[in-house]
Amino acid sequence: MSVTTHAFQNTLAYAQQCDAHDPLHRFRAEFHLPQHAGKPALYFCGNSLGLQPKSARAAVEQELDDWARLGVEGHFQGKNPWLYYHKLLQEPAARLVGAEPDEVVVMNSLTVNLHLMLISFYQPHREANGTRRFRILVEGGAFPSDQYALESQARLHGLDPDEAIVEVHPRTGEHTLRTEDLLATIARYGDELALVMMGGVNYYTGQCYDMAAITEAAHRVGAYAGFDLAHAAGNVVLRLHDWGVDFAVWCSYKYLNSGPGGTSGTFVHARHARNKELPRLAGWWGHNEAERFLMQKGFQPMPGAAGWQLSNAQIFPMAIHKASLEVFEAAGGMEALRAKSERLTGYLEFLLRDYQEHAARHRPAKALPEVQIITPSNPAERGCQLSLLVPEGGRALFQRLTERGVVADWREPDVIRVAPVPLYNTFEEVYTFVQLFYELWPDSVA
Ligand SMILES: *Cc1c(COP(=O)(O)O)cnc(C)c1O
């Protein structure tokens, strides 16, 4: 679905009309909205911590009750027997990322899962022709945890991270990466590349990378392709299986609304499902289910992503995640959400540009600051977040917005990230935000 920006209007009545016609508007009522001065805050921080689904509490209470009532028997006799709890999440999580159920498992937390995947899919070695295949390609300015994970994995193999890790940066004067540059760099490093490991959507710029093209390019040079989908899962439509991605990991507490520090998802492509040659860190929950309780020596991994599990399921964060994924299902899945998301973020972009282009009409008395949207304007190259590069005075503006009940986030040195989320944000909130944004701009520096 393309965004018909030309039809947008910079009026409150228009924004309210969009909400009235929005088939997903009713899902807002399924969430607890943080309050500011007796009204719902303008919450645009779902990229950092998604809001609490109202169903989360009952989901946790169900498990607390079973624990109280049944003790250890809850593993078998609970409403959702704990022994199999992770299986309840496989299908909805797989639908969310475009995977087969066996390709997905929910476990641990994100950086832990990234390390588990790197143990399996980053294996520096010498090729038969003598080439050293040892490099990892990553986007420059990746999320710090990913940088540290890659760095420490390189060291684990006795390598110098500065040599092993190849960062691709935007061209001078640009803020986002060009796919052509990424593909050319992959081709240039060729058979020295062991792994291409990138974010799916960059946390800072909001750019969504062409994961299909990147995966294909990685495979063409004989490298694996893996993605950290922390900012992509629940935000954009993913087709991990069809794209042929080797592995992916994501957290559940950003767009997936599953609570602070919540559990994480892992994808391993079906082609690796029965590959026992892949090195891995093993634990009893990844062991052949039929023999798990024989408590015998000799690890036999379960086929599929389940074979990477270490520990028995963390029921409480998983209960919240289960409740949250049910909301995604009820909303019609990612396609439906994405259709709204493109419009909602398109409207935010339209309003910001409208102010810039018609400054005199909106604020005849004052000059307007030059705000640059560094997120790509092509909807296919972004999720719901827009990253606004603000000139001097931006920090003061951000402070004032916060005082007026806007929850967005400030990223040093000069970016405000705003993420309107289709499950619970409205067109009216986007309208009000942009009004405030220009109204509150400090006079002294504007
Ligand atoms: C949020 C985020 C993380 C956080 O990792 P945790 O292990 O969940 O603390 C890691 N990587 C990326 C890209 C993120 O956006």
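Residues numbered from 1 in each chain as written. Predicted model: local features only at pLDDT ≥ 70, side-chain atom pairs only at ≥ 80, totals over all residues. Heavy atoms only, no water.

A. Region of interest: the pairing of strand E9 (residues 193–199). For E9, the tally of buried residues reaches seven of seven residues, placing the bulk of the element in the interior. In the sheet, strand E7 (residues 135–139) pairs with E9 via three bridges, with the strands oriented parallel. Counted as the bridge partner of leucine 137 is valine 196 from E9. In this sheet, strand E10 (residues 224–228) lies alongside E9 in parallel orientation, the contact comprising five bridges. Its bridge partner being in E10, glycine 199 is matched across the sheet by aspartate 228. As a crossover connection, the stretch from E9 through helix H9 (residues 211–220) into E10 is right-handed. (Buried < 20%, exposed > 50% of the residue type's maximum accessible area, 1.4 Å probe, protein only. Helix = DSSP H or I, 4+ residues; strand = E, 2+ residues; numbered from the N terminus. Pairing = 2+ DSSP bridges. Right-handed = clockwise from strand over helix to strand, strands pointing away.)

B. Local environment of the sheet that holds E10. If you walk across this open sheet you meet the seven strands as E4-E12-E11-E10-E9-E7-E8, and the pairing is mixed. Unpaired on one side and paired on the other, strand E4 (104–107) and strand E8 (165–168) mark the two borders of the sheet. Direction aside, the axes of adjacent strands within the sheet are offset by 20° on average. (Axes fitted to C-alpha atoms, helices over the stretch in contact; angles between N-to-C directions.)

C. Representation of the packing of helix H4 (residues 85–97) against helix H11 (residues 315–330) within the structure. Close contact between H4 and H11 brings their axes to 10 Å; oriented N to C, the two are set at 35°. Like other packed secondary-structure pairs, H4 and H11 cross with a definite hand, here left-handed. Seen from H4, the contacting residues are Tyr85, His86, Leu88, Leu89, Pro92, Ala93, Arg95 and Leu96; seen from H11, they are Ile315, Met318, Ala319, His321, Lys322, Leu325, Phe328 and Glu329. (Left-handed = near helix turned anticlockwise from the far one by under 90°. Contact = heavy atoms within 4.5 Å.)

D. Fine view of the side chain of glutamate 349. Mapped onto the secondary structure, glutamate 349 falls in helix H12 (residues 333–357). Among all residues touching glutamate 349, those that are not within four sequence positions of it are Ile373, Ser377, Arg382 and Leu386.

E. View of unusual backbone geometry. The omega torsion across glutamate 412 and proline 413 is 5°, close enough to zero to call that bond cis. Residue placement: proline 413 occurs in the loop between strand E16 (409–411) and strand E17 (415–418). The phi angle at alanine 37 is positive, at roughly 50°, despite the residue not being glycine. Along the polypeptide, alanine 37 turns up in the loop between strand E1 (35–36) and strand E2 (39–40). Phi at asparagine 257 is positive, roughly 55°, even though this residue is not glycine. Mapping asparagine 257 onto the fold places it in the loop between strand E11 (247–251) and strand E12 (264–268).

F. Inspection of the UniProt feature "modified residue: N6-(pyridoxal phosphate)lysine" (unreviewed entry) in the protein at higher detail. Within this numbering scheme, the UniProt entry marks Lys254 as carrying the feature "modified residue: N6-(pyridoxal phosphate)lysine" (unreviewed entry). Position of lysine 254 among the secondary structure elements: in the loop between E11 and E12. Here lysine 254 falls in the buried class, since its relative accessible area comes to 7%. When near neighbours in sequence (up to four residues on either side) are disregarded, lysine 254 contacts Gly46, Asn47, Ser48, Leu49, Gly50, Phe143, Ala230 and His231. (UniProt positions renumbered as here; feature names shortened; annotations may be inferred.)

G. View of the sheet that holds strand E14 (residues 386–389). Strand order in the open sheet formed by four strands is E13-E14-E17-E16, with antiparallel pairing between adjacent strands. Strand pairing shows two members of the sheet lacking a second neighbour, strand E13 (372–373) and E16, which therefore form its edges. Alignment of E13 against E14, held across two bridges, turns out to be antiparallel. Note on E14: the bridge partner recorded for glutamine 372 is leucine 389.

H. Here's a closer look at the site of the ligand. Around the ligand sit Leu110, Thr111, Phe143, Asp146, Asp228, Ala230, His231, Tyr253 and Lys254, and those are all the residues in its vicinity. A distance of 3.2 Å separates an oxygen atom of the ligand from a polar side-chain atom of histidine 231. Interatomic distance of 2.5 Å between a side-chain N/O atom of lysine 254 and an oxygen atom of the ligand. When isolated, the ligand has an accessible area of 390 Å², and the protein chains bury 83% of it. When its residues are assigned to classes, the shell around the ligand shows four nonpolar, two polar and three charged. (Near = heavy atom within 4 Å. Polar contact = N/O pair within 3.5 Å; in protein donor to acceptor, adjacent residues only side chain to side chain. Areas by Shrake-Rupley, 256 points an atom, 1.4 Å probe, with all protein chains shown as cover. Nonpolar A, V, L, I, M, F, W, Y, C, P; charged D, E, K, R; others polar.)

I. Spatial organisation of the UniProt feature "binding site: pyridoxal 5'-phosphate" (unreviewed entry) in the protein. UniProt's entry tags Leu110, Thr111, Phe143, Pro144, Ser145, Asp146, Asp228, His231, Tyr253, Trp284 and Asn312 with the feature "binding site: pyridoxal 5'-phosphate" (unreviewed entry), counted in the numbering of this structure. Separation in sequence by 203 residues is matched in space for these annotated residues, since their most distant C-alpha atoms are 30.9 Å apart. Tracing the backbone shows phenylalanine 143 in the loop between E7 and helix H6 (144–156). The partly exposed category is assigned to phenylalanine 143, whose relative accessible area is 33%. With respect to the helices and strands, the residue aspartate 146 is situated in helix H6. Ignoring anything within four residues of it in the chain, the contact list for aspartate 146 reads Leu114, Met197 and Asp228.

J. Here's a closer look at the pattern of salt bridges. Applying the stated criterion across every chain, the model contains 24 salt bridges. Close ionic contact of arginine 220 with glutamate 216 constitutes a salt bridge, the shortest N to O distance being 3.1 Å. Pair noted here: arginine 220 and glutamate 216 are both in helix H9, with a separation of four residues, about one helical turn. Connected through shared salt-bridge partners, Glu91, Arg95 and Glu329 make up one network. (Salt bridge = Lys/Arg side-chain N within 4 Å of Asp/Glu carboxyl O.)

K. Quick look at the packing of aromatic side chains. In the structure shown here, the tally under the stated rule is 23 aromatic pairs. With centroids separated by 6.2 Å and ring planes inclined at 90°, the aromatic side chains of tryptophan 285 and phenylalanine 293 adopt a geometry described as edge-to-face. Since its relative accessible area comes to 3%, tryptophan 285 is described here as buried. Plain terms: the ring middles of phenylalanine 398 and tryptophan 410 are 6.0 Å apart, the flat faces sit at 45° to each other, and that makes the pair tilted. Here the residue phenylalanine 398 occupies a position in helix H14 (residues 394–403), and tryptophan 410 occupies one in strand E16, the gap between them amounting to 12 residues. Each member of the aromatic cluster is reached from another via a ring pair, and the members are Phe44, Tyr355, Phe433, Phe437, Tyr438 and Trp441. Here the guanidinium or amino end of arginine 132 rests over the ring plane of phenylalanine 134, the centre of that ring lying 4.0 Å away. Positioned over the ring face of phenylalanine 143 is lysine 254, at 4.9 Å from the centre of the ring. (Phe/Tyr/Trp six-rings, centres within 6.5 Å; stacked < 30°, edge-to-face > 60°. Lys NZ or Arg CZ within 6 Å of the ring centre and 35° of its normal.)

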